[in-house]
Every structure is written in structure tokens, then in C-alpha cells.
Amino acid sequence: MNKIFKALLAILFIAFAFTACDKKDALTVFGTGTAPALTASTNTFAPTASDSDKVAVVFNWTDAKYATDSSTEKYIIQIDSAGRNFSKAVSKTIIGKLSASYTNKELNAILLGFGFAFNTAYNIEARVLSSYGNNNEQYKSNSVAIKATAYVTPPKIMPPTSGHLYLVGNASQGGWGNPVPVPTQEFAKLDSVTYGGVFNLNGGNEYLLLPVNGSWDHKYSVNDKNVTGLAAGGDFGYDLSSNFPAPATSGWYTMIFSFQTGKFTVTPYTGNLPTNLFIVGNATLGGWTNPVPLPSQQFNRINSSVFELSLPLNGGKEYLLLPVNGSWDHKYAVADKSVPGLSAGGSFGYDLGQNFPGPANSGTYKISVNFVTGKFSVK
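In this report, the structure presented in the accompanying data block is examined. (Residues numbered from 1 in each chain as written. Predicted model: local features only at pLDDT ≥ 70, side-chain atom pairs only at ≥ 80, totals over all residues. Heavy atoms only, no water.)

Let us now look at the pairing of strand 12 (residues 194–201). Looking down a regular strand, the side chains alternate between one sheet face and the other. Of all eight residues that make up strand 12, seven are buried, and the element is covered over most of its length. In terms of strand pairing, strand 11 (residues 188–191) meets strand 12 through three bridges, oriented antiparallel. Residue pairing in the sheet places Ala188 in a bridge with Gly196 of strand 12. Here strand 11 folds back onto strand 12, and the loop between the two strands holds two residues. Across eight bridges, strand 12 lies against strand 18 (residues 251–258) in antiparallel orientation. Each bridged residue has a counterpart across the sheet, and for Tyr195 the counterpart in strand 18 is Phe257. (Buried < 20%, exposed > 50% of the residue type's maximum accessible area, 1.4 Å probe, protein only. Helix = DSSP H or I, 4+ residues; strand = E, 2+ residues; numbered from the N terminus. Pairing = 2+ DSSP bridges.)

This is the structure in C-alpha cells:
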């Protein structure tokens, strides 16, 4: 009897064990999500200001299929300049939806925030990040490429109708004399709403901006020159009551005025602005002879910071720019002459290691050298 009872207990134990295993296997197992697939309604953005409130692009993506209520799933759309791996992306968060749109105004603001120039096409990229609402289990979608062109919106401050802007005041080398000395106290027009220049400022003094040289009728100025930090930048406007305060320390400064935003910046200039500029090299008719022949190989100074020269160039050769004719002590050059497209323009600097590459074909070209932007062009 004891043997039978023990056998029955063994059978019951085995049955219970199998039942327990079956119940465990039947429990719900939550799977992982999947990376969403992103599409865009267009791959080109080039509207006008009149289209500001219209939809520019609609992004759609597939469900990441998380083991949760889809209305709680989190998606973040990221937009950035191409090639930056979204390191400076502008983001928009969407909860529980699989699409989002941007108006022309929104996308244009993003482009201008990247520092893109007006009416110039740039490559941007978009992607979407998915996750649970608590940011767990994040996935990245594919990237979508868009060719985008920012349009000009009405500026906060009307730029000078003259197309010129001048520096006057005891912070400048010309003092309060009006008309001011040109070209050294004229700003460079960087685009339709931005002016910039490199100037030697007298520390602790003041200045104004004039749209017409020789006239005191109108000026660009500030509301209150005593605002803390205003010497380094801030808000400015048209015919306001106070002069701009200059930095406390004398020296060379880069001054940028954006009429689009009504903001300005004044930062120490780290380059070397020449008084004169000359070209030398086998790309020129004068070859590598130094001093170079004048006036054919001397640049014209257009304003405080831009030099230009039109001259014949020998195709496939090289050149340098000299601040002093007849001296090899210093030069303006490029860091790497093999950079694609550099013969048509790019970045340059002081005492860099390589010659400028000239155009491939011989002909007459106009070289423009901008010491505000550190860029040159050959057309």
C-alpha cells in the first residue's frame, strides 16, 4: 500500500511540474521594436517669401512596433546640414503619430539658423529617432536628403538703400570727421542684409554707422549704450538715441551687422589685414619675380576688408598673395591646394603652407579676397 501511495504521489508531482512548465511557456514575451523607415514628400525646397505659410515638406515613417500602446510611442525628427552626422540637428518631438509637416517659414528659419546664405542651394538631411515614451530602446531611421534654398524674409531693420555703410566716431581711426576716409572705413556688403568689416578700434570710445558718407541726416545706433556687454554685440536700430560703445581695449576687431535680425557682433580679429595686396607666381604674366610689376599685379582695395583685381592668368599654374611687394617674409596662401574646386575659390590664411592653385584654363579672371570671411573667389 505504501508503495502504491508513493507511486501515486510521484505521478502527481510529475504532472504538476509539467503543468507549471506549460503555464510558464504561455506567458507573453514582449519583442523588440524595429527601426522606422522615413520618407519625405519632396527632396527640393526653394520657395519664395509669399509661400511662407504653405507646407514645405511632409515626413512620414513606419511604426516602430514597440510592445506598448502606439499612442505613447515617441518620435523625434532631426534636420541638419549634410555631412555633420546630425551633430547640430534641429529637432521636433512627435508623440503617437507617424507623420509631421514643416511650413516654408519653419524650414526657412532652420536654414538661416545654420548660417546658410540666401538664395543658395545647400544639402540637408532628415531622420527620425523612435523610442518608448521614456526614451528606452531608441532606433534611428534612414536619412533623407533634401536640396534646400533659404529665401529672403523682410529684415527687422531696413538695410541702407545706398548699398553702402560707413564707420564714424572717435573709436575709429578717422574720428568724428564726416565724410569718413574711404575705403578703410567702409563696410563690406556680405549679402543683401549683412555688412561686415575689419577695423582698428580705439578702446573705450564710441561710434555710429552712416548709410551715406558725409551726411548726418540718418544713422544706425543703439537705444542705450550703457547696456552691459553691448560693446561685444547686441541690438541696434535706425536713428536711435545712443552711440555704439566700443570695446574697452584698443585693437583690430571684426564687426558684423545683420539687418535681418537687428543684431551685431564685435569680436577680436585674429587674422592679418594688409594695407596693400599683390599677386605673384607662375600663374601671372610676371612669374615668380618679386617685386611684382605694378600696377598690373596690385589689388584694388574696395573697402575696409575686400581687395579685387582683374588680370590674365596662365592655366594650370600657381600663385601667392603678398602684403608687401618685394618681400617674401609673409604671404597669404592655402592649407591644401589639392582641395577640389579650390582654383575657383575657398578659404585662405596668413603664412599657410601651400600656393593657391590657379584656374585650369588660361584667360582673364577677377580675384576677390575678403578678409572678413577669410574667403576668396576667382571668376
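The subject of this paragraph is the packing of aromatic side chains. Here the structure, examined in full by the defined rule, presents 29 aromatic pairs. The interplanar angle of 85° and the centroid separation of 5.6 Å between the aromatic rings of Phe244 and Phe257 together place this pair among those described as edge-to-face. Pair noted here: Phe244 is in strand 17 (residues 244–245) and Phe257 is in strand 18, with a separation of 13 residues, a long-range link. Accessibility expressed as a relative area gives 0% for Phe244, which makes it buried. Owing to a relative accessible area of 0%, Phe257 belongs among the buried residues under this scheme. Three or more aromatic residues joined by ring pairs make a cluster, and in this case those are Phe187, Tyr195, Phe199, Tyr207, Tyr220, Phe236, Tyr238, Phe244, Phe257, Phe259 and Phe264. One Lys or Arg, Arg84, reaches over the ring of Phe114 and ends 5.1 Å from the middle of that ring. Here Lys92 stacks its cationic end above the ring of Tyr102, 3.9 Å away from the centre of that ring. (Phe/Tyr/Trp six-rings, centres within 6.5 Å; stacked < 30°, edge-to-face > 60°. Lys NZ or Arg CZ within 6 Å of the ring centre and 35° of its normal.)

So, on to the pattern of salt bridges. Across all of its chains, the model carries eight salt bridges by this definition. The closest approach of N and O atoms between Glu106 and Lys92, which form a salt bridge, is 3.8 Å. Taken as a pair, Glu106 in helix 2 (residues 104–113) and Lys92 in strand 5 (residues 90–95) lie far apart in primary sequence, 14 residues in all. Of the charged contacts, one joins Glu318 and Lys337 as a salt bridge, the two residues approaching to 2.8 Å between their closest N and O atoms. You can see Glu318 sitting in strand 23 (residues 318–322) and its partner Lys337 sitting in the loop between strand 24 (332–333) and strand 25 (345–347), a full 19 residues away along the chain. Judged by relative accessible area, which is 36%, Lys337 ranks as partly exposed. (Salt bridge = Lys/Arg side-chain N within 4 Å of Asp/Glu carboxyl O.)

Here we come to the sheet that holds strand 11. With antiparallel pairing, the five strands of this open sheet are ordered in space as 11-12-18-19-15. Either end of the sheet is taken by a strand with one partner, and the two such strands are strand 11 and strand 15 (233–235). Between one strand axis and the next, the sheet turns through 20° on average, direction left out of account. (Axes fitted to C-alpha atoms, helices over the stretch in contact; angles between N-to-C directions.)

Here the amide bond leading from Asn178 into Pro179 is cis, since omega sits at 20°, within 30 degrees of zero. Relative to the elements of secondary structure, Pro179 occurs in the loop between strand 10 (166–168) and strand 11. A cis amide bond links Leu294 with the next residue in sequence, Pro295, at an omega value of 0°. For Asn135, which is not glycine, the phi torsion reads 75° and is therefore positive. Here Asn135 shows up in the loop between strand 7 (121–131) and strand 8 (139–140). Positive phi values are uncommon outside glycine, yet Asp351 reaches one of about 55°.

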